[in-house]
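# Fold and geometry: a report
Chain by chain, the residues:
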Amino acid sequence: MIDKILSRPEFQTEPPVLVDVGASGELHARWKPFAKYAVCIAFDADDRDFGYVESESSHFRKLYTFNHIVTGTESEDDTSDFYLTASPHCSSLLRPRPDLIQEYAFAPKFEPTKVVQLKTRSLRSTLDGLKIKQVDWFKTDSQGTDLRLFRNLGENRIQRVLTAEFEPGIASIYDGEDKLYQVLQFMEETKSHWLAELLPKGSPRITPALLDSFTSQPLLKKFVLFSLKNSAVWGEMTYLNRFADGATLTQRNLLLGWVFATTLKQHGFALILTQKAKSRFSDPIFAEMESYSRRRIWGRVFGLGFWPEVVKKFDKLFGR
């Protein structure tokens, strides 16, 4: 069904646009069903003077790779301090503060190892240069700057983002970082998106020294670590557009919004989008999409997709 929708003429002239800040070099798992139809703009910090590399890729219809740190400022291309940490996944434009999380097992990952000068690039100016007017799926894992990057899209682009993923902090790890509560507040004020997912992530609350006191064997130490309950240190957030204004309620956006909602298994919201679409457009594709969403929902019913919720109810009822 996704292939049928994204093969339509609407997406030949306006393909889905994906922005990936903090690209890991691997295809985002959620993009696999539709990546081959999409244009992706990916940012990955690199101090080599590559500018951007435009190429057809096996994953995307078109891929733009920027070997810069992306920023939420409007300044021209410049350089900035970049803090390398013991774990490369924790490096950031912001100064890490492992002293603030010293009672967490993963604190050593944030120890600064080196400060380097890397090239920076404004997100908005990059999109302007590529003549990208609408970002359909915005994904960022920037280690502390997610909200300021999203705001740098500008009001018009923000209102038309169909899906947005953030990983902001709950505990303080970096100086001046964007926090989860700030993302919640900003997205509430925009009134253009609703929160589809909020997953707390983190690390066990135990000092590295106490963890080491159990055993010196690396594998056994991992077993001890995995046996401990994680504490909430950051969150994974996914927002979907409400489709509440005329600028968003185009046939192209409703088709793509349904694809995104279905990919995220938000079949109830996908069904809502088919009703919005059928009230505005006579294209028979929307009736097909409605039937598909209904089948997926019934599939969950007969596949006992409701059972985990039943178990939770019984646990609560009997205090287990």
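Quick caveat: nothing in here was measured; it's all calculated off a predicted structure.

## Quick notes on unusual backbone geometry
Of note in this structure, K191 is not a glycine but carries a positive phi near 60 degrees. Along the chain, K191 turns up in the loop between α6 (180–190) and β10 (193–204). Positive phi values are uncommon outside glycine, yet F243 reaches one of about 55 degrees. Within the element layout of this structure, F243 appears in the loop between β11 (230–241) and α9 (251–263).

## Notes on the packing of α9 against helix α10 (residues 267–278)
A packed helix pair is summarised by two numbers, namely the angle formed by the two axes and the spacing between the axes. Remark: α9 packs on α10, axes separated minimally by 8 Å, with the N-to-C direction vectors making an angle of 165 degrees. Here α9 is positioned roughly antiparallel relative to α10, judged by the angle of their axes. Our pair here, α9 against α10, has a crossing hand that is left-handed. Here L254, G257, W258, A261 and T262 of α9 come into contact with α10, specifically with H267, F269, A270, L273, T274, K276 and A277. Among the residues making up the contact of α9 with α10, the classes are represented as seven nonpolar, four polar and one charged.

## Side note on the side chain of N253
Positionally, N253 belongs in helix α9. At 3.0 Å, the side chain of N253 and the side chain of Q134 are in polar contact. A polar contact of 3.1 Å, which involves the side chain of N253, links it to the backbone oxygen of T248. Once residues within four sequence positions are removed from consideration, N253 is found in contact with Q134, D136, L162, F243, A247 and T248.

## Structural notes on the pattern of salt bridges
Tallied over the entire structure, the rule returns 17 salt bridges. For the salt bridge of R30 with E165, the shortest nitrogen-to-oxygen distance reads 3.1 Å. Within this pair, whereas R30 is found in the loop between β1 (17–21) and β2 (39–43), its partner E165 is found in strand β9 (residues 163–166), the two being separated by 135 residues in sequence. Relative accessible area serves as the criterion here: at 23%, R30 is assigned to the partly exposed category. Linking E290 and K278 is a salt bridge whose minimum nitrogen-to-oxygen distance equals 2.6 Å. Highlighted residues: E290 in helix α11 (residues 285–302) and K278 in helix α10, separated in sequence by twelve residues. Judged by relative accessible area, K278 falls into the partly exposed class, the value being 40%.

Calculation notes
- Residues numbered from 1 in each chain as written.
- Predicted model: local features only at pLDDT ≥ 70, side-chain atom pairs only at ≥ 80, totals over all residues.
- Heavy atoms only, no water.
- Helix = DSSP H or I, 4+ residues; strand = E, 2+ residues; numbered from the N terminus.
- Axes fitted to C-alpha atoms, helices over the stretch in contact; angles between N-to-C directions.
- Parallel < 35°, antiparallel > 145°, perpendicular 65-115°, else oblique.
- Left-handed = near helix turned anticlockwise from the far one by under 90°.
- Contact = heavy atoms within 4.5 Å.
- Nonpolar A, V, L, I, M, F, W, Y, C, P; charged D, E, K, R; others polar.
- Polar contact = N/O pair within 3.5 Å; in protein donor to acceptor, adjacent residues only side chain to side chain.
- Salt bridge = Lys/Arg side-chain N within 4 Å of Asp/Glu carboxyl O.
- Buried < 20%, exposed > 50% of the residue type's maximum accessible area, 1.4 Å probe, protein only.

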